[in-house]
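# Chain and residue survey
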Amino acid sequence: KFNNHDLKIFDELQDCRSVVRVFDIIEDLGSFSVTDTHVPDGKKSISINKDLFFCVVEEYIDGWSLEEYCRDEYWKLTETVDVGNNLKQKISFHKFSDERKKAMINSYHHDYDEVIRYQSEMFHFMLNLCEILHYITDIKKILHLDLKPDNIMVTRYGKELVLIDFGRSEYIDPETNCVISTLGEADYNTEQKLARMFQYGTLGYAALECYAPAMAGSRFPFEKEGITIGRMTVESDIFSFGATFWECLNIFELYTGSKEFAMDKSLGGSYEFYKNHMMNDSAYFDRDLSLTSSHYHQKLEEIIKKCTRKRSADFLTSPLYFHTYEELKEAIIYTRDSAPALVKTENIQVRNSFGLVGVMAGLLGTVLLVCILLKMSGSYFAERKIENIITDYNSTKIELLESAALEQMKSSNEDEKHSTYKEICDFLQNEDEELEYSETVVLVELLKKIESSEYIADAVDNMLLQVNSKGMSNCIKYIVTNITDCDSVGYTLAVQIYNAQNRTELVHCYEVLMEYSENEQFNKLVQRLAQDLNHDELIVQIAQSKLEADTDYNKYSTNERQIKLAEYKNEVKDVLNKIDVR
């Protein structure tokens, strides 16, 4: 297998200096036998000999794995100590003294300069890896399929990345533009070997589609409706890219906060942590940086979340996901270039040349002038940025447009915010006859910066009337869960549609439907509400509530109640059917 598959891929990539080179394959290791004692407690050791093993001679990379670099070299979360007899042992953070651990944690949480410097290194690594993967995927048509910090080396001199371990890599089928997994079904109810559990890749880093289908009787850990399990694409490696840098950015808190995560990999290490704490939709997808220092750039977090976004049926085409490394690289460069710069310290000689009153007055005037200039320049550059994005716009730049508009609003008064929102809203509506869901998300985020409830109400109604039918449900959910203070007909109907879809407050949903049943302007929303209520189970609940509210309910016999319930069911059904087909 190695000669026919792995070595072929290595040969294909030998002209890339950022991929480890293979120098030789030694099949005959001679007569020797070594016992491997590096195994988990209670597990049987194996014998390494010429019958079971061969040797691959690879290029020596003078440096560290990306995990070791972040953990050991940068944050110093382990140290190597001499234990005598020329032997050394690695000591983990969890074996440091309490005083030292406390000092390290306090330093991390309060050393702004160090966190920003680390962020800059992560930007460098992310861009470097983007370029490597662009070459491998777009030029050589290969998916790595096992991206993780262990498989990325950082050179000691130059701090450049080198990609290793192509044992899971595959050529992309030119006809289907994907790789089909060869994994059989897995029993998710039993213990599996942690390093290769149920996935094509590595637990914790592999995308949803890389996991093996569940055997009958075992429960697949993720929601997979609309997803083809085993169909792996560039989006699969991009997910692993996001998971890799999610770990790098969180590694200080993950390592110091969890002994389970900090265990040696051969003993389970982070694999046990991922298996026990992250094998569910809410933890595995949409990963954020909430564990880390608040100094990390918000847009950096958004890149990680977009890479690891929960799969939807249209994730291969939706602009809510990254689909190429060029697109991902562009977002990283934009975020890096907009990251905050360190604040310069005060000039002590200037300060001493003034008296106290003069200093205070001068500082006050300077602050006011700087604020005015920042406001003017910030507004100007944000406005130019919006214009540039709109001039060369395509659907992949929706997040850049949102970022520029939000930046513009930061230095705007209420009227200027209204103007910015209108400009973006008009542009998106002119791009197409209807709004896409991703576009309504941007508009909602902009509305959250506006204080005028009347303006918000009008904007929400307009948005609900313009969104296409495909994105309506998600749009309604996003509006209702992000805008809570809105008094408009469209918003009222949206809330009831959201409630109907979640099977709550059904009687009130029906009452609102009856109230607005003749409203022609919002007929689309009225019909959607009727459709969502038009299910036998819900009709019975509404009819039962109407029966119990009947003033003569206590006078009815059991048989009469059944007859009356049937009448109410028919009444509700007739109303819903008439609206539904209108």
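To start, this report covers the structure provided alongside it. (Residues numbered from 1 in each chain as written. Predicted model: local features only at pLDDT ≥ 70, side-chain atom pairs only at ≥ 80, totals over all residues. Heavy atoms only, no water.)

## A closer look at a negative patch on the surface
- Taken together, the side chains of Glu431, Asp432, Glu433, Glu434 and Glu436 make up a negatively charged region of the molecular surface.
- Relative to the helices and strands, Glu434 is located in the loop between α14 (414–431) and α15 (437–447). (Patch = residues over 30% accessible without salt bridge, like charges linked within 9 Å, V, L, I, M, F, W, Y side chains within 5 Å. Areas by Shrake-Rupley, 256 points an atom, 1.4 Å probe, with all protein chains shown as cover. Salt bridge = Lys/Arg side-chain N within 4 Å of Asp/Glu carboxyl O. Lys, Arg positive; Asp, Glu negative; His and termini not counted. Charge placed at Lys NZ, Arg CZ, Asp CG, Glu CD. Helix = DSSP H or I, 4+ residues; strand = E, 2+ residues; numbered from the N terminus.)

## Thoughts on the pattern of salt bridges
- Scanning the model with the defined rule gives 22 salt bridges in all.
- Note that Asp62 is salt-bridged to Arg156, the shortest N-O span being 3.0 Å. A residue pair is termed long-range when its members are at least 10 positions apart, and Asp62 in the loop between β4 (55–58) and β5 (63–65) and Arg156 in the loop between β9 (152–155) and β10 (161–163) qualify at 94 residues.
- With relative accessibility at 28%, the residue Asp62 sits in the partly exposed group.
- Of the charged contacts, one joins Arg117 and Glu114 as a salt bridge, the two residues approaching to 2.8 Å between their closest N and O atoms. Residue Arg117 and its partner Glu114 are located together in helix α4 (residues 112–139), separated by 3 residues, close to a single helical turn.
- Arg117 sits in the partly exposed class, given a relative accessible area of 43%.
- Through salt bridges with shared partners, a single network forms among Glu67, Arg71, Asp72 and Lys90. (Buried < 20%, exposed > 50% of the residue type's maximum accessible area, 1.4 Å probe, protein only.)

## As for the packing of aromatic side chains
- Under the criterion given, the structure shown has 29 aromatic pairs.
- Note on Trp64 and Tyr69: the rings are 5.4 Å apart at their centroids and 55° apart in plane angle, and the pair reads as tilted. The same class applies to Trp64 as to Tyr69, namely buried.
- Taken together, a centroid distance of 6.5 Å and an interplanar angle of 80° make the contact between Tyr437 and Tyr478 edge-to-face. On the criterion of sequence distance, the pair formed by Tyr437 in helix α15 and Tyr478 in helix α17 (residues 472–482) is long-range, its members being 41 residues apart.
- In this structure an aromatic cluster arises from ring pairing among Trp64, Tyr69, Tyr74, Trp75, Tyr108, Tyr118, Phe125 and Phe252.
- Across from the ring centre of Tyr200, 4.6 Å away, lies the NZ or CZ of Arg168, which sits over that ring.
- Between Arg561 and the ring centre of Tyr553, over which it is positioned, the NZ or CZ distance is 4.1 Å. (Phe/Tyr/Trp six-rings, centres within 6.5 Å; stacked < 30°, edge-to-face > 60°. Lys NZ or Arg CZ within 6 Å of the ring centre and 35° of its normal.)

## Here's the deal with the nonpolar core
- In this structure, Trp75, Tyr211, Phe241, Phe245 and Tyr421 are the most contacted members of the largest nonpolar core, which totals 165 residues.
- Counting 6 residues, the second-largest nonpolar core is a separate cluster that includes Leu547, Tyr553, Leu565 and Tyr568. (Core = buried A, V, L, I, M, F, W, Y, C linked by side-chain atoms within 4.5 Å.)

## A look at the side chain of Asp237
- Considering the arrangement of structural elements, one finds Asp237 in helix α5 (residues 234–257).
- This buried residue, Asp237, is left without a salt bridge; Arg311 holds the nearest opposite charge, at 9.1 Å.
- Each residue touching Asp237, except ones within four places of it in the same chain, is listed here: Leu143, His144, Leu145, Leu147 and Tyr325. (Contact = heavy atoms within 4.5 Å.)

## What to know about the environment of Met279
- By the element assignment, Met279 lies in the loop between α7 (269–277) and α8 (281–284).
- Using a relative accessible area of 13% as the deciding quantity, one classes Met279 as buried.
- Distance from Met279 to Gly204, taken between C-alpha atoms, is 8.0 Å for residues 75 residues apart in sequence.
- Excluding its chain neighbours within four sequence positions, the residues that come into contact with Met279 are Phe198, Leu203, Tyr211, Pro221, Phe222 and Tyr274.

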